[in-house]
Amino acid sequence: MSDAFYLPDPEDPRRFLSTELTRGPWSPDAQHAGPPSALLGHAIERCEPRAGFQVGRVAVEILGPVPLEPLTVETRVARAGRSVELIQATLSSERGPVMTANAWRFKLADPELDLPETILPTGARPGPDHAPEPAPFPSTQAIGFHTGIEYRFVTGSFAEAGPAICWIRLKYPIVAGTTPSPLERTLAAADSGNGVSAVLDWDRFLFINTDLTVTLHRQPVGEWVCLDAVTYPQPHGIGLAESVLFDEKGPLGRGTQTLLIGPR
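From a predicted model like this one, the values you see are computed outputs, not experimental measurements. (Residues numbered from 1 in each chain as written. Predicted model: local features only at pLDDT ≥ 70, side-chain atom pairs only at ≥ 80, totals over all residues. Heavy atoms only, no water.)

*Asks:* Help me understand the overall build of the protein, please; the structure alone is not making it clear to me.
*Replies:* Each helix and strand counted, the protein has four helices and 13 strands in total. A globule of 264 residues ought to have a C-alpha radius of gyration of about 18 Å, and the protein, at 18 Å, matches this closely. Counting only residues that meet the buried cut, the protein has 50% of its 264 residues in that class. Of the contacts made within the protein by residues no fewer than 6 positions apart, 66% connect residues no fewer than 24 positions apart. With the model as given, the accessible surface of the protein reaches about 12,900 Å², and the carbon-plus-sulfur share is 53%. (Helix = DSSP H or I, 4+ residues; strand = E, 2+ residues; numbered from the N terminus. Rg over C-alpha atoms; globule rule 2.2 N^0.38 Å. Buried < 20%, exposed > 50% of the residue type's maximum accessible area, 1.4 Å probe, protein only. Contact = heavy atoms within 4.5 Å. Areas by Shrake-Rupley, 256 points an atom, 1.4 Å probe, with all protein chains shown as cover.)

*Asks:* Help me understand the packing of helix α1 (residues 34-45) against helix α3 (residues 182-190), please; the structure alone is not making it clear to me.
*Replies:* A pair of packed helices can be characterised by two numbers: the angle between their axes and the separation between those axes. Running from N to C, α1 and α3 point in directions that differ by 155 degrees, and their axes come no closer than 7 Å. Relative to α3, the element α1 is oriented roughly antiparallel. Regarding α1 and α3, the two cross each other, and that crossing is right-handed. For the pair formed by α1 and α3, the contact residues are Gly-34, Ser-37, Ala-38, Gly-41, His-42 and Glu-45 on the first element and Leu-183, Glu-184, Leu-187 and Ala-188 on the second. Looking at side-chain class alone, the contact of α1 with α3 contains four nonpolar, four polar and two charged residues. (Axes fitted to C-alpha atoms, helices over the stretch in contact; angles between N-to-C directions. Parallel < 35°, antiparallel > 145°, perpendicular 65-115°, else oblique. Left-handed = near helix turned anticlockwise from the far one by under 90°. Nonpolar A, V, L, I, M, F, W, Y, C, P; charged D, E, K, R; others polar.)

*Asks:* Before we go on, may I ask you to explain a nonpolar patch on the surface in this structure?
*Replies:* A contiguous nonpolar patch, built from Leu-113, Leu-115, Ile-119 and Leu-120 and spanning about 400 Å² of accessible area, is present on the exposed surface. Mapped onto the secondary structure, Leu-113 falls in the loop between β6 (96-107) and α2 (145-148). (Patch = residues over 30% accessible without salt bridge, like charges linked within 9 Å, V, L, I, M, F, W, Y side chains within 5 Å. Salt bridge = Lys/Arg side-chain N within 4 Å of Asp/Glu carboxyl O.)

*Asks:* For this particular structure, what's the right way to read the pairing of strand β1 (residues 6-9)?
*Replies:* Regular strands show a simple pattern: their side chains alternate between the two faces of the sheet. With four bridges joining them, β1 and strand β2 (residues 12-18) adopt antiparallel strand pairing. Bridge pairing in β2 places Leu-7 opposite Leu-17. Hairpin connection between β1 and β2: a loop of two residues separates the two successive antiparallel strands. (Pairing = 2+ DSSP bridges.)

*Asks:* Sorry, what's going on with the pattern of salt bridges here?
*Replies:* Any two side chains of opposite charge can pair, given that their charged atoms come close. Per the stated rule, a full pass over the model turns up 15 salt bridges. A salt bridge links Glu-85 to Arg-50; its shortest N-O distance comes to 2.9 Å. Here Glu-85 is found in strand β5 (residues 84-93), whereas its partner Arg-50 is found in the loop between α1 and β3 (53-62), with 35 residues between them in sequence. Judged by relative accessible area, which is 33%, Arg-50 ranks as partly exposed. A salt bridge links Arg-152 to Glu-150; the nearest nitrogen and oxygen atoms lie 2.7 Å apart. One network of salt bridges, with partners in common, ties together Glu-133, Glu-150, Arg-152, Arg-169 and Glu-223.

*Asks:* Any chance you could explain the nonpolar core here in plain terms?
*Replies:* The tendency in soluble globular proteins is for nonpolar side chains to be buried side by side. Core analysis: the biggest nonpolar cluster contains 58 residues, and Leu-39, Val-58 and Ile-174 have the highest contact counts within it. Those residues within four positions of Leu-39 in sequence are excluded, and the remaining contacts are Tyr-6, Phe-16, Leu-71, Val-73, Leu-91, Ile-174 and Val-175. Trp-167, Trp-224, Cys-226 and Phe-246 belong to the second-largest nonpolar core, a separate cluster that totals six residues. (Core = buried A, V, L, I, M, F, W, Y, C linked by side-chain atoms within 4.5 Å.)

*Asks:* Honestly, the packing of aromatic side chains in this entry has me stumped. Any pointers?
*Replies:* How two aromatic rings sit relative to each other is given by the distance of their centres and the angle of their planes. The tally for this structure, following the rule as stated, stands at five aromatic pairs. Measuring from centroid to centroid gives 5.1 Å for Tyr-151 and Phe-158, while their planes differ by 80 degrees, and the two rings are edge-to-face. Of the two residues, Tyr-151 and Phe-158, both sit in the buried class. Relative to Phe-158, the ring of Phe-153 has its centre 5.0 Å away and its plane inclined at 85 degrees; by these criteria the two rings are edge-to-face. (Phe/Tyr/Trp six-rings, centres within 6.5 Å; stacked < 30°, edge-to-face > 60°.)

*Asks:* Help me understand the state of the cysteines, please; the structure alone is not making it clear to me.
*Replies:* What we call a disulfide is simply a covalent bond connecting the sulfur atoms of a pair of cysteines. With the rule as written, the count across this model stands at zero disulfides. You can see Cys-166 has no disulfide; the closest cysteine sulfur is in Cys-226, sitting 7.6 Å from it. (Disulfide = S-S within 2.5 Å.)

*Asks:* Sorry, what's going on with α3 here?
*Replies:* Residues separated by three or four positions in an α-helix point in the same direction, a consequence of the helix having 3.6 residues per turn. The buried fraction of α3 is high, at eight of nine residues. For α3, the complete set of buried residues consists of Leu-183, Glu-184, Arg-185, Thr-186, Leu-187, Ala-188, Ala-189 and Ala-190.

*Asks:* Explanation requested: unusual backbone geometry in the structure shown.
*Replies:* Peptide bonds are, in most cases, trans, and in most cases residues other than glycine have a negative phi. For the peptide bond that leads from Asp-110 to Pro-111, omega is 5 degrees, which places it in the cis range. On the secondary structure map, Pro-111 appears in the loop between β6 and α2. Residues other than glycine seldom take positive phi values, yet Glu-48 does so here, at roughly 45 degrees. One can find Glu-48 in the loop between α1 and β3.

Take a look at the structure:
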């Protein structure tokens with residue numbers, strides 16, 4: 001097993017070898033959307049970086065199953081600006097594009113704005129140290145995304161249907177030889193919202209997200225990201241998973257996923 005989710009190609013900085021740690025729960029040949037979303041974040045942050053700017057929102061579109069194959073990332077600044085700019089990224093396999101992302105990058109206020117503390121986001125969730133050791137992830141795959149992360153449920157579990165509060169930490173870097181950034185850690189974790197808050201039987205139903213949108217009003221501190229997640233299914237086959245995101249200091253933002261629901 002590799003010690004990273006992706007290995008960089010020494011001959012092409014845009015190309016990455018996918019390791020078994022990226023494998024998802026639906027197919028042994030397809031990736032969990034968390035690692036490639038984080039890989040897009042990795043590339044977005046390196047696209048014409050500007051001092052004093054920070055990504056505030058990333059919207060990922062999942063165009064189809066992401067194969068366990070080498071992937072290429074292309075990025076560009078689609079809309080430049082003095083205070084806000086739009087970055088576009090495309091993730092492709094040899095078969096063509098598999099994911100795209102639009103990211104808004106904002107100029108940070110310097111000096112910081114003098115805002116009343118009474119209007120700032122507050123609140124917290126019990127930290128990962130207060131959560132019990134989790135039961136094994138219900139997967140038939142020996143190696144996959146579930147073995148590349150550490151997770152701690154404060155409420156709920158993979159075996160218990162309904163809303164859940166779950167802390168997630170990467171055990172390995174997204175790209176070998178690098179340290180995961182706060183954005184990478186958040187994107188990798190946020191895609192698990194529909195999994196930790198599943199309300200449908202994993203053996204009877206599929207509930208696959210077609211997208212992931214993460215909005216951050218601040219960057220997480222530390223290695224752990226918390227999802228206070230809930231899933232809203234509908235009998236016509238479209239659902240929504242929504243996660244309020246936290247670190248150990250308090251709220252960070254939100255993640256949403258549109259779900260395709262169907263029988264296995």
